[in-house]
Each structure stands twice: as structure tokens, then as C-alpha cells.
Amino acid sequence: MSTSYQCSLQPYRQVTSTSGSLARRWRIIFHVWLVVLLAGCAAAPEREAEVAGPLYFPPPPEVPRFIFERSVQSSSDIQKPDSKARMREVLTGETGQNKSLAKPFDVAVCQGQVYVSDTVRRAVMVFDVPGQRFFEFGLEEPGMLRKPLGLDTDADCNVYVADGTTRRVMVYDQSGAFIKAVGGQALFERLSHVTVDGEGRRIFAVDTGGVSSDAHVVRVFNGSTGDHLYDIGSRGSGDGQLNLPRDIQYGRDGNLYVVDGGNFRVQVFSPEGEYIRTIGSLGRRYGQFARPKGIALDSDGNVYVSDAAHGNFQIFDSAGDLLLFVGDRSEKFDRAKYMLPAGIDVDEDGRVYMIDQYFRKLDIYRPVSLSETSGYLGAWPAQ
């Protein structure tokens, strides 16, 4: 692609040492010029990405339902560094202000605040779109996180985090202030995920168990007192039984949707634990699962399931019939390409968010019926 910028350092070679003050003046001019030059050169890939046409799902000639909107990899995607920070990065190599995803695991979204758990950063990273800012929480006591995994939010945007190391569900308000902890070492073998009803009255936490363990269950807690109430499921392959459960989502219909990973299916339960139905089966065809990981539901009751083997997410209606699949498996970083998809969520406006751990990114899709500037993410800063 042609560009009007010529990334040459030739002007610097023309600086002479006729006097100390003149040399200092030239160095200052050069540093300012270099910042502007590098900013212009760095802009080229962004313009190149803009040239690429919209990416629709399903692709033409089918009627599209979603459009790929953006990939998020660091705090700079929401909070641009100011001119002083850019100068400091150029002159000293400092990149402290930019916080990149290291090993993202799950995503939850509430009123435009995008929460991403990261097991390497040991924090929840927050992309606050309405506020156009970035922050983290869980980095200090009280409420320090050791291994943040599954996430969910309630109607008040309180954030529930499954901490795999402490085996507790940690609860924070939407600004990251710690509220309380539920569970503990004695109750879980491998705490991995959590969901909550809208009012926060019941907390449902997944114990993934292990090969030689019978702790393949969903543990239910009183959201106010933290008391352990009862368990859902038992180890096995029959209806209502679980084998290496991975993720869970509380639906607007009041039911629980559990990714039953070792049985390659999604099972639906009532909040009391009564088995209702199964979605999917083992296989490599569309509508089947090979390595199901994350789950989310939209306002219409459609079910979204990410699959690490297929490298995509599939959308089912409430009856379990396949509606659409989005994404492909690839070893190359690109739009809608995945090697290790994990957590997934759908926000109030119907936008879909999916984590890929291998590429360390969060991809966002927008319903075609929603304009780019509409909804909570309509305030995202221009790229």
C-alpha cells in the first residue's frame, strides 16, 4: 500500500555540532518529528485493515445476521495514550501504561463495561466503554485474585469471579470494589465457572472435578448469606449427570445451561436441579461438539457455545436447533479466526463477545440490525 510517509532517519544525520545549544535544539526538534513520523507510519496497518470489506455471518448470498466489529487486545484499544506517554514510549521504550491481555479466560458484559478475567495478570481487566477508560481489579486485598476464571454479572452489574486457586467465588461491584467471598477449599475440588440469577439471590458455581473424582457438580449458594444449599448433578453420562462440566449460564427462562464438556453436550436444568433437556452431541458436524468450552444466552433465549476444537461458536435456538456458526480454526491471527476459543457472552444489545486464549484477544460481533454507533458500545473510541 502506498503512503506519503517515508520512514527515514536521514534528517538526524544532518545535525552538526557547531554549538552545544544548537545541537540540543536539533535533538528536541528531531524527537518531536520522530514521534509524529512513527505515529504516521504506525497508522498504515490500521488503514490497511479498514480497506478490508465488512465480514458478515452468514456470508453472502445468505441474509447476514452478524458483522465482525473489532478485536481487543490491550488497554490502548479503549484508552489511547496521551502525547506525553507516546513521547516517553519512543524515547525510553516504556510501555507501562498499555496493559495487554496475557492469558484471557472469560468475558462478561454489563451496561457497556466489558470484564475479562486473565489468569496470568491475576486480575479482571475492565474496558469501560461509556467512560472510555480502562482499569483492573483483584490485584490487592481485600479481594485479591490468584487465578480468576469464570465470570458473570447480576442486574446491578456486580461481578462474580470464580477463583480457581482459592476456590472461592469473589463478588465485586461494577467499579471493582470487593463485596464478599463465597465457597472455599473445603467445598470445591476444581472451581471453574459461576453464574447468578438476576437479583443475586442464588449463586451457581461449577466444580469441574477430575479424572479420579466424583466432584462433577454444580454447587448452589445463598447469594445473601453465602450458605451452601445443595448440589446439581452427579458424575456420569446419563440425563442429568455431568462429566467435566466447564461453564454455566442462568437463562432468562429461569433455567440453568451447563456445558457438559466430557459428554460433549449442553444440559438444561431447573434452578432446583431437575433435568430438562440436552443440546448437541459428540461429532464434527455443525450442531455437534468436539470440545465445548463457553456458553451464553441472548434475550431471545438463543444459546451460544464456543468450541475449542471447531474454532468457532455455534448458535442454537431454545429447542436446540442450530441457527448459525461463526468463525473458523486457524493458526494465523485474523478476524473471526481462532485457535483456542474460550469464554463467550452476549450483551443487552445483542453484541457477541468471544475470548481466544491462543491469540490473546477478545472478538466482538454486532447484530446487523444494530448500527455501529448504537447501544452501549456505540461510544467506543474511533480507531
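How should the overall build of the chain be read in this particular structure?
Regarding its fold elements, the chain presents 3 helices and 27 strands. Evaluated residue by residue, the chain yields a buried proportion of 50% over its 383 residues. Expressed as a percentage of contacts within the chain between residues at least 6 apart in sequence, the contacts between residues at least 24 apart total 45%. In the form shown here, the chain has an accessible surface area of approximately 17800 Å², with 49% of it arising from carbon and sulfur atoms.

It is not clear to me how the state of the cysteines should be interpreted in this structure. Could you clarify?
Put plainly, two cysteines are in a disulfide when a covalent bond ties their sulfur atoms together. A complete count under the given rule lists 1 disulfide for this structure. Between the sulfur atoms of C110 and its disulfide mate C157 the distance is 2.0 Å. With the S-S bond torsion at -75°, the cross-link from C110 to C157 turns out left-handed. In this pair, C110 is assigned in strand β3 (residues 104-110) and C157 in the loop between β7 (148-153) and β8 (159-163), connecting sequence segments 47 residues apart. Comparing C110 with C157 shows no difference in burial state: the two are buried.

When you look at the side chain of D154 in this model, what are you seeing that I'm missing?
When you line up the elements, D154 lands in the loop between β7 and β8. Within the local environment of D154, its side chain forms a polar contact with the backbone nitrogen of N158, the two atoms lying 3.0 Å apart. Here the side chain of D154 touches Y160 through a polar contact of 2.9 Å, side chain to side chain. Apart from the residues lying within four places of it in its own chain, the contact partners of D154 are C110, Y160, V196, D197, G198 and G200.

Rules used in this analysis
Going along each chain's sequence as written, the residues are numbered from 1 onward. Where totals are concerned, whole chains, interfaces and linings use all residues; where local detail is concerned, this predicted model gives features only for residues with pLDDT of at least 70, and gives and counts side-chain atom pairs only at 80 or more. Excluding hydrogens and water, the side-chain values take into account all heavy atoms of the structure. Only DSSP runs of H or I covering at least 4 residues are called helices, and only runs of E covering at least 2 are called strands; the numbering of each starts at the N terminus. Think of it in three bands: with a 1.4 Å probe and only protein chains considered, a residue is buried below 20% of the maximum accessible area for its type, exposed above 50%, and partly exposed in between. We call two residues in contact whenever any of their non-hydrogen atoms come within 4.5 Å of each other. Accessible surface is estimated by sampling points in the Shrake-Rupley manner with a 1.4 Å probe; for residues, cover comes only from the protein chains shown. By convention in this document, the label disulfide applies to cysteine sulfur atom pairs within 2.5 Å. Under this definition, polar contacts are N or O atom pairs within 3.5 Å; protein pairs additionally need one hydrogen-donor-capable and one acceptor-capable atom, and for neighbouring residues in sequence, both atoms have to be side-chain atoms.

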